[in-house]
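As a plain string of letters, each chain reads:
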Amino acid sequence: MRRIAFLFLVVSPIYCFSQSVEIKDVELAGEEIIIHYDLQDSNPTNEYSLDLYASKDNFSSPLRQVKGDIGEEIKPGQDRKVTWRVRDEFGGYSGKISFEIRGKVFTPIVKFQEFKVDKKYKRGKSYPLSWRPGNTNPINIELFKGTQRISGEVNHPNSGSSLLSIPADAVKGDDYRVKVTDTKNPSGIVYTQNFRVVPKVPLLLKVIVPLAVVGGAVVGLGGSGGESGTQSDSELPFPDFPSN
């Protein structure tokens, strides 16, 4: 990691002269790289969709192992920060690398409202989804685990509400997210942040309940024949056979 050398700064203009993004500094912090940048806009109410790129793949694909002021709904300001986990993305990479930030003004097809990413979502259950529509185009609503599509609904009215149904056979994990796509503009995509899916009945309860039933059976079978209402010591009647 400490052999990595950096080529910076890379300036990435966005649209017109009143909007610009400029990388100001890059620092190495353990196994993370922190990119500092300024996002300038004459309209401070605008929001942006931003991605971080690296020279390792000739800036062809946005980096995924990032957090901080990156992604969607980024507001203009000074000293915005992006933290990139280089080892998670490229393994034991060493060498020269440069960065670029690209983006555009963010006009979401939907804007989720009160979506709780820290909540545990149980498989086999449904949860209300609500959002503020950005247009009237029908949308596709899909559930993903990582890059795998789990389920989805196509051509849902962009009405501001729906139900998120977690399949009963969904594998538990913390890398689930909802993807919404504009059916008339495939580049219009919005994701929720990752959230966790858990079993409907906790594993501990699944283990304890059968043991409790077995324990009750042992008590019932272990009673003495002298107690009223029990027949554990009684002989079974001998069956009657027909005479010749």
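Definitions and cut-offs
The residue numbering used here restarts from 1 in each chain and proceeds along that chain's sequence as written. Local features in this predicted model are restricted to residues whose pLDDT is 70 or higher, and side-chain atom pairs enter the listing and the counts only when it is 80 or higher, whereas totals over whole chains, interfaces and linings include all residues. Derived side-chain values reflect all non-hydrogen atoms in the structure, with water molecules and hydrogen atoms excluded from consideration. Helix and strand definitions follow DSSP, with helices as H or I runs of at least four residues and strands as E runs of at least two, each counted in order from the N terminus. Type-normalised accessible area, obtained with a 1.4 Å probe on protein chains alone, sets the label of each residue: buried when under 20%, exposed when over 50%, and partly exposed for intermediate values. Polar contact is the term for a pair of N or O atoms within 3.5 Å; when the atoms are in protein, one must be able to donate a hydrogen and the other to accept it, and sequence-neighboring residues count only if both atoms are side-chain atoms. The contact rule is simple, with two residues in contact once any of their heavy atoms fall within 4.5 Å. Here a salt bridge means any side-chain nitrogen of Lys or Arg lying within 4 Å of a carboxyl oxygen belonging to Asp or Glu. Lining residues are defined by having an atom within 4 Å of a point belonging to a cavity or pocket. Those points lie on a 1 Å grid over the protein atoms alone, cavities being sets where a 1.4 Å probe fits but cannot get out and pockets being open sets with protein on both sides within 12 Å along at least five of seven lines. Grid points are joined across faces, edges and corners, and a volume is the space filled by probe spheres set on the points. Residues were grouped as follows: Ala, Val, Leu, Ile, Met, Phe, Trp, Tyr, Cys and Pro as nonpolar; Asp, Glu, Lys and Arg as charged; and all remaining residues, including Gly, as polar. In short, DSSP must find at least two bridges between two strands for them to pair.

A. Highlighting the side chain of Asn 158. Its location among the elements puts Asn 158 in the loop between β14 (148-156) and β15 (161-165). Taking relative accessible area as the criterion, Asn 158 reaches 10% and is therefore assigned buried. Separated by 2.8 Å, the side chains of Asn 158 and Trp 131 make a polar contact. Beyond its immediate chain neighbours, meaning those up to four positions away, Asn 158 contacts Ile 109, Val 110, Trp 131, Pro 133, Gly 134, Asn 135, Thr 136, Asn 137 and Ile 139.

B. Broad picture of the pattern of salt bridges. Scanning the entire structure with this criterion turns up ten salt bridges. Put simply, Arg 87 and Glu 31 hold a salt bridge, and the shortest N to O gap is 3.3 Å. Here the residue Arg 87 occupies a position in helix α1 (residues 86-90), and Glu 31 occupies one in the loop between β3 (19-29) and β4 (32-41), the gap between them amounting to 56 residues. With relative accessibility at 46%, the residue Glu 31 sits in the partly exposed group. The residue Glu 47 makes a salt bridge to Lys 75 at a minimum N-O spacing of 3.0 Å. Remark: Lys 75 occurs in the loop between β7 (71-74) and β8 (77-85) and Glu 47 occurs in the loop between β4 and β5 (48-54); sequence separation between them is 28 residues. Overall, Glu 47 belongs to the buried group, its relative accessible area being 14%. Here Lys 75 falls in the partly exposed class, since its relative accessible area comes to 44%. A single network of salt bridges, built from pairs that share partners, joins Glu 47, Glu 73, Lys 75 and Lys 111.

C. Up close: the layout of surface pockets. Empty space within the largest pocket amounts to approximately 1700 Å³. If one sorts the elements of the lining of the largest pocket by residue count, strand β17 (residues 185-191) sits on top with six residues. Looking at side-chain class alone, the lining of the largest pocket contains 19 nonpolar, 15 polar and twelve charged residues. What the second largest pocket holds in volume is close to 190 Å³. Looking at the second largest pocket, the residues that line it are Phe 112, Gln 113, Glu 114, Phe 115, Lys 116, Lys 119, Tyr 121, Tyr 127, Pro 128, Leu 129 and Ser 130. Counting residues per element, the lining of the second largest pocket draws most heavily on strand β12 (residues 126-133), which supplies four residues. Considering only residue class, the lining of the second largest pocket consists of six nonpolar, two polar and three charged.

D. How the structure looks around the pairing of β4. Among the ten residues in β4, eight count as buried, and that is most of the element. Between β3 and β4, which pair antiparallel and follow one another directly, the connecting turn spans two residues, one of which, Gly 30, has a positive phi of 65°.

Note that all results are geometric; they support no functional claim without further evidence.
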